[in-house]
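# A structural walkthrough
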Amino acid sequence: MLDFLSSTTENSPKIFGFVHFLVLGIFIALIIAICVFLRKTSEKQNKIILLFFGF
């Protein structure tokens with residue numbers, strides 16, 4: 001599997017390149033969206049959500 005991946009990828013992403021900043025931006029947007037949508041949950045709902053994501 002690793003041989004296949006190394007043979008098919010000719011240009012690996014550069015350090016601090018566009019791909020890294022794009023993924024960082026997506027993660028920041030997701031964190032903000034999660035905070036906005038889950039800010040009014042009860043304690044019981046918080047425990048259920050944490051249990052779900054814990055598994």
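Preceding block: the structure.
Residues numbered from 1 in each chain as written. Predicted model: local features only at pLDDT ≥ 70, side-chain atom pairs only at ≥ 80, totals over all residues. Heavy atoms only, no water.

### Comments concerning the overall build of the protein
- In terms of helices and strands, the protein carries three helices and zero strands.
- A burial count over the protein gives 2% of its 55 residues as buried.
- By element, 73% of the accessible surface of the protein is carried by carbon and sulfur atoms, the whole surface being about 5700 Å². (Helix = DSSP H or I, 4+ residues; strand = E, 2+ residues; numbered from the N terminus. Buried < 20%, exposed > 50% of the residue type's maximum accessible area, 1.4 Å probe, protein only. Areas by Shrake-Rupley, 256 points an atom, 1.4 Å probe, with all protein chains shown as cover.)

### A short note on the packing of aromatic side chains
- One pass over the full model with this rule turns up one aromatic pair.
- Consider the rings of Phe52 and Phe53, whose centres lie 5.3 Å apart with planes at 75 degrees: the pair is edge-to-face. (Phe/Tyr/Trp six-rings, centres within 6.5 Å; stacked < 30°, edge-to-face > 60°.)

### As for the environment of Thr41
- Among the secondary structure elements, Thr41 is positioned in the loop between helix H2 (18-37) and helix H3 (43-54).
- Excluding residues within four positions of it along the chain, Thr41 makes contact with Asn46 and Ile49.
- Polar side-chain contacts of Thr41 include one of 3.2 Å to the backbone oxygen of Leu38.
- At 2.6 Å, the side chain of Thr41 and the side chain of Asn46 are in polar contact. (Contact = heavy atoms within 4.5 Å. Polar contact = N/O pair within 3.5 Å; in protein donor to acceptor, adjacent residues only side chain to side chain.)

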